[in-house]
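Spelled out from the first residue to the last, the chains are:
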Amino acid sequence: MTGQEKPEKAAKLPSVPSTNVYRLSAVGPIACLLAVPAAVVPRDFSGLGVIIGACGVLLAVALLGVLTGLPIISQAADVVVDRTVCAKHNWEVNTLRSFIETFSILHVTFHIFQQTKDASFAAVVGGLTGAAIVLIGECLTSQLRYVEQRLQLNVKNTAKRKESWKNVELFSMENFFMGGVIITGLCVRNIHRLEEASSLAATILASIILVTAAQVSKYYSPTNLLGSIVQDRVINGVHNWKHHTFRSSLELSVYLSSIFYCRWLGEDIYTSAFVGTLAAGIGCVIGECLVSDQFTLDSLQRRQASLQSKINSDIVEFRGVENVKPELMELREECGVTVPTSRLPTRVQNKIATMGSAIKYYDFEEVRKHNKLDDLWVMVEGQVYDITAFVSRHPGGWLPLINMAGKDATDVMAEYHPAAVFENILPKFHIGVVKDYKVSPITQGYREIRQELLRRGLFETSMTYYVFKSIGLLTLWAISVSLVVFLPKAGLLVHIVAAVGIGAFWQQLAFIGHDVGHNSISHNRKKDLFWGTLLGNALMGISLGWWKRSHNTHHVTCNSVEHDPDIQHLPMLCVSSKLFGKFWSTYHEKFFITDAVARFFVSYQHLLFYPIMGVARFNLYAQSWLLLLSKRGSEIEYRKMEILSLSIFFAWYIAMLSFLPTWLEVAAFVLISHASSGLLHVQICISHFAMPTYHGHAYNDDTDDWFKVQLETSMNVECSESMDWFHGGLQFQIEHHLFPRLPRHNLRIAHEMVKVLCEKHNLHYHSPDFHQANVELLACLKKTALEARMLKKGDAGFYTSPIWEGLNAQG
């Protein structure tokens, strides 16, 4: 007989639904510990080591018994292994037996340790005794199960809560009262020895506070989401541990470690409980944001099978799309998951079929004329859309739209928008069809790469990848801050190490922020934007709203003199002589002028480049606040949250600096931390600075289509896979510009596909190593610097200095 046999075979009683399996498996072991006489419980953590040792001996004995292969011994060993491997199941099905066995093993082991004071001896004897206790418990399973069922039926009839017995969920208020009973019993039992049980008491108190806060916050709209997330962890405990095992383990670890760490620091129970409550809430929020899927092999297999089933099906059902012929089907991405849909939206197809010859046809030249904010047309898949009325409501802002006005936006639409936009929003603005719409072989090849990436499910994010990244970064941040806060007198060298750690943390966190900004983590715009703003801004100090406004424009207008803000850095830097003179920036909405100040700095920019990168972060702070506090700041979706989270950043950073003993160390820490993070700015600059620039707008014909423009204006960095962490996805800048929503852990696969397409069409694919990329960047800057030195007053006009305008630039 094993611990997993059905109880119906042992007792002739009607089966009773589990009263609350989560409560039994979670609270049972705690009840056992409380039941052990206080006199034998060790006063320090040595008892924990004894119990762990006893469990190790117990399992070792079981494994040796299994290996012997002898009938009786191996069967007995199987019983012991069952108690370890199927502990949760045993507590749920054979609760009384599990309680007696656990209590007996704890009592015997603690009693031997209390008598002998020898932890090793107590662990060995406790483990061996535990094996015997388990075997006895197995023999008594039938009798104990009968008693347990009788108790359950009596309680059921008394309570008269038939429906509640069918519910295996742990409700919030039940947990609150149950926790109150346990902590009261703990205090009474240990009234003279409360210190020994303080960690457990703090944990239970934190649980009560957390559940109560979640219950209250659910009914207050600003905190409803937070309360719902925390309550989900409590109410759906069984479901979460079963379907989100990794996330649940991570959240529980954060919760318990924060409490025990506070107790280790000497904090009282209430402080530890309060910190634990905050840590649990933050842990649940981060877990919900980052780990939204099951981390098990079978789930991945089922998901892949489901994906292939959808793709291979001839009958497609997606948002009303039915019976789509395979040759008219297009794979798109919805929340990171590949979905098959029709190439043209259903309503557009119906409109064309209904109107017949009455449908309007436009040639390319006619569409190109409609390129203003108050008259804006675009082409998508050979169809014409008048999106003038949508410009002010576009979630990505008006800048990307005006830069695609009158153009073929098929590839931009596909790369930046989920499938639902094509089906639900785009058809509203359909006005006609493009005459003789054709696609070049290169563009067709590029679109086939996208279809292959979707076919393989590569737009789906590995949450495990980002969980481990986040854990590593938060650990780096915590260590760096701790070196300052807890070791303020450790010396300059230790604080320099901490400053470098903070700089490295900012550099690596920026890569996650970059992924969040492109919605390539959850693929849910609001979700990524909300959590990126709340957490990213608070740790980085740079506005996500400012970054998205600038970066979305950069992607669409890469290396355009008048339209790309990422190359408009006068008066400090100038990447090409094409920026000399006077030009109007559509992003900054002001003139850039090569005056005397600009001429001076640009003339020596190749010498000043790395020092400027070391302090470039301060400019990003200024740009973030200038945008948020300007009229343009009203365009930012979470403007108030941006201001709050940026304030939190400066609060913790300044608070950390206050622990440093001297102003000299404060200055050194600030400069070193920012200079270390300056590596990120170098990595960004090498991606485009040395590549060709152009005037005006691209995407006019096949000579400057989407694929060619991104290929010609972006530079990859050749590196081994082991160095991918260092570059954070920027080493595949070409692929990132071509597929901005593709998770960075899949960019290397796209990299190989794009290289094959370039070789097929004899296109140059620029990918030097990191050293050579820096050499090329400096050569470009030096070339422009020498050209700047040759400028004369008449060449640039020497307009008034743009220094003040630069400091007050919008965005």
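The structure contained in this document is the topic of the report that follows. The shown structure was predicted, so the numbers you read here are calculated from the model rather than taken from an experiment.

### Quick word on the nonpolar core
- Counting residues in hydrophobic clusters, the biggest one holds 91 residues, and the most contacted among them are Leu453, Trp506, Phe669, Phe707, Phe739 and Val754.
- Once you skip the residues sitting within four places of it in the chain, Leu453 turns out to touch Leu458, Phe459, Phe739, Leu742, Ala750 and Met753.
- Judged by nonpolar contacts, the second largest core, of 27 residues, contains Phe592, Cys685, Met691 and Ala788.

### Details of empty space enclosed by the protein
- For the structure on display, the rule yields two cavities of 30 Å³ or more.
- Quantified by volume, the largest cavity comes out at close to 90 Å³.
- Together, Glu330, Arg332, Glu381, Thr410, Asp411, Ala414, Glu415, Tyr446, Arg447, Arg450 and Gln451 line the largest cavity.
- Among the secondary structure elements, those contributing two or more residues to the lining of the largest cavity are strand E1 (329-334), helix H19 (410-416) and helix H21 (441-455).
- Of the residues belonging to the lining of the largest cavity, the class tally is two nonpolar, two polar and seven charged.
- Roughly 70 Å³ of volume is contained in the second largest cavity.
- Lining the second largest cavity are His514, Asp515, His518, Ser520, Gly728, Gly729, Leu730, His736, Pro740, Leu742, Arg744 and Leu747.
- Looking at side-chain class alone, the lining of the second largest cavity contains four nonpolar, six polar and two charged residues.

### What to know about unusual backbone geometry
- Of note, the amide linkage connecting Leu570 to Pro571 takes the cis form, showing an omega dihedral of 15 degrees.
- Despite not being glycine, Tyr699 shows a phi value in the positive range, around 65 degrees.
- Following the sequence through the fold, Tyr699 ends up in the loop between helix H29 (663-686) and helix H30 (706-713).
- Its identity as a non-glycine residue notwithstanding, Asn762 has a phi of 60 degrees, on the positive side.
- For Asn762, the position within the fold is in the loop between helix H33 (747-760) and helix H34 (770-789).
- Judged by its relative accessible area of 72%, Asn762 falls in the exposed class.

Calculation notes
- Residues numbered from 1 in each chain as written.
- Predicted model: local features only at pLDDT ≥ 70, side-chain atom pairs only at ≥ 80, totals over all residues.
- Heavy atoms only, no water.
- Core = buried A, V, L, I, M, F, W, Y, C linked by side-chain atoms within 4.5 Å.
- Buried < 20%, exposed > 50% of the residue type's maximum accessible area, 1.4 Å probe, protein only.
- Contact = heavy atoms within 4.5 Å.
- 1 Å grid on protein atoms, 1.4 Å probe; cavity = no way out; pocket = protein on both sides within 12 Å on 5 of 7 lines; lining within 4 Å.
- Points joined across faces, edges and corners; volume = space filled by probe spheres on them.
- Helix = DSSP H or I, 4+ residues; strand = E, 2+ residues; numbered from the N terminus.
- Nonpolar A, V, L, I, M, F, W, Y, C, P; charged D, E, K, R; others polar.

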